Amino acid sequence: MSEASKYKRVILKLSGESFCRERESGISMTEVAQISQQIKDIVETGVELAIVCGGGNILRGKQFSAVSAAIHPSTAHYMGMLATVINALALQDALENEGVPTRVQSAIRMEGVAEPFIRRRCIRHLEKGRVVILAAGTGSPFVTTDTAAALRARELGADVLLKATKVDGVYSEDPEKNSHAVRYTDISFQDVLKQNLQVMDAQAIHHCMEHKIPIHVFNFGVPGNILRAIKGKKIGTIVHA
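Just so we're clear, the structure is a prediction, and the values are computed from it rather than from any experiment.

Enquirer: Kindly report on the pattern of salt bridges, identifying the contributing residues and their values.
Expert: Applying the stated rule across the entire model yields 11 salt bridges. Put simply, Arg-124 and Glu-127 hold a salt bridge, and the shortest N to O gap is 3.5 Å. Note that Arg-124 and Glu-127 are positioned in helix α4 (residues 119–127) at a spacing of three residues, about one turn of the helix. Asp-146 serves as the salt-bridge partner of Lys-163, at 3.2 Å between the closest nitrogen and oxygen. In this pair, Lys-163 is assigned in strand β6 (residues 160–165) and Asp-146 in helix α5 (residues 145–156), connecting sequence segments 17 residues apart. For Asp-146, a relative accessible area of 11% gives the class buried.

Enquirer: Residues and numbers for the pairing of strand β5 (residues 131–135), please.
Expert: With five of five residues buried, β5 lies mostly within the body of the structure. On β5, burial covers both faces: Val-131, Ile-133 and Ala-135 on one face and Val-132 and Leu-134 on the other are all buried. Of the pairings in the sheet, the one linking strand β2 (residues 48–53) to β5 comprises three bridges and is parallel in character. Looking across to β5, one finds that Val-52 is bridged to Leu-134.

The rules behind each value
- Residues numbered from 1 in each chain as written.
- Predicted model: local features only at pLDDT ≥ 70, side-chain atom pairs only at ≥ 80, totals over all residues.
- Heavy atoms only, no water.
- Salt bridge = Lys/Arg side-chain N within 4 Å of Asp/Glu carboxyl O.
- Helix = DSSP H or I, 4+ residues; strand = E, 2+ residues; numbered from the N terminus.
- Buried < 20%, exposed > 50% of the residue type's maximum accessible area, 1.4 Å probe, protein only.
- Pairing = 2+ DSSP bridges.

These values are about where atoms sit, not about what they do.
Now the structure itself:
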């Protein structure tokens, strides 16, 4: 591991919206290529990296089931999980185009396009310097990809969970609704839960709190921010014990 890296093993949570242009949906390979370049810079530091993909740019199961009574909520959530696989495959090709070795592992078995998620195999890939893209959440409905990222962080023994978003940290209130909202540079898990701050869902926060895995929330849209987070630079917000 390079001295430039603060962490040895990292889980990076990429939201579905990072795969598309702002206020659009679907996949923009321009956006994916920019993320891939940032990820390549991380890999070159020697850090072991696993990525959990969201799928909201294609379909959010919870929102989809809310507007369509014809689709059972469980089915809608499975559809959302499959959307994360589409993102994972796009990211895999973009990374390999940059010369970064990758593996996609899916919590829903689909051997034609991805390996099944097997903890020991995943760790072996990481040890060999491969980026592992974790798709399909946990494989179960009603579990967010944020919670999936927290669970994988525990399973894989990650040092930190990086949450790459389109905002520059955790605020006391929604900054778009209140211009006087305060951005925290660091905050405890307990305060996040007490104030009901929208960092991740409560399940994800509890998993990280129990296992003392810090969550670093930052804006991935700023070039180089993912690498800055890996180096432990003071950007965004760190949620800790």
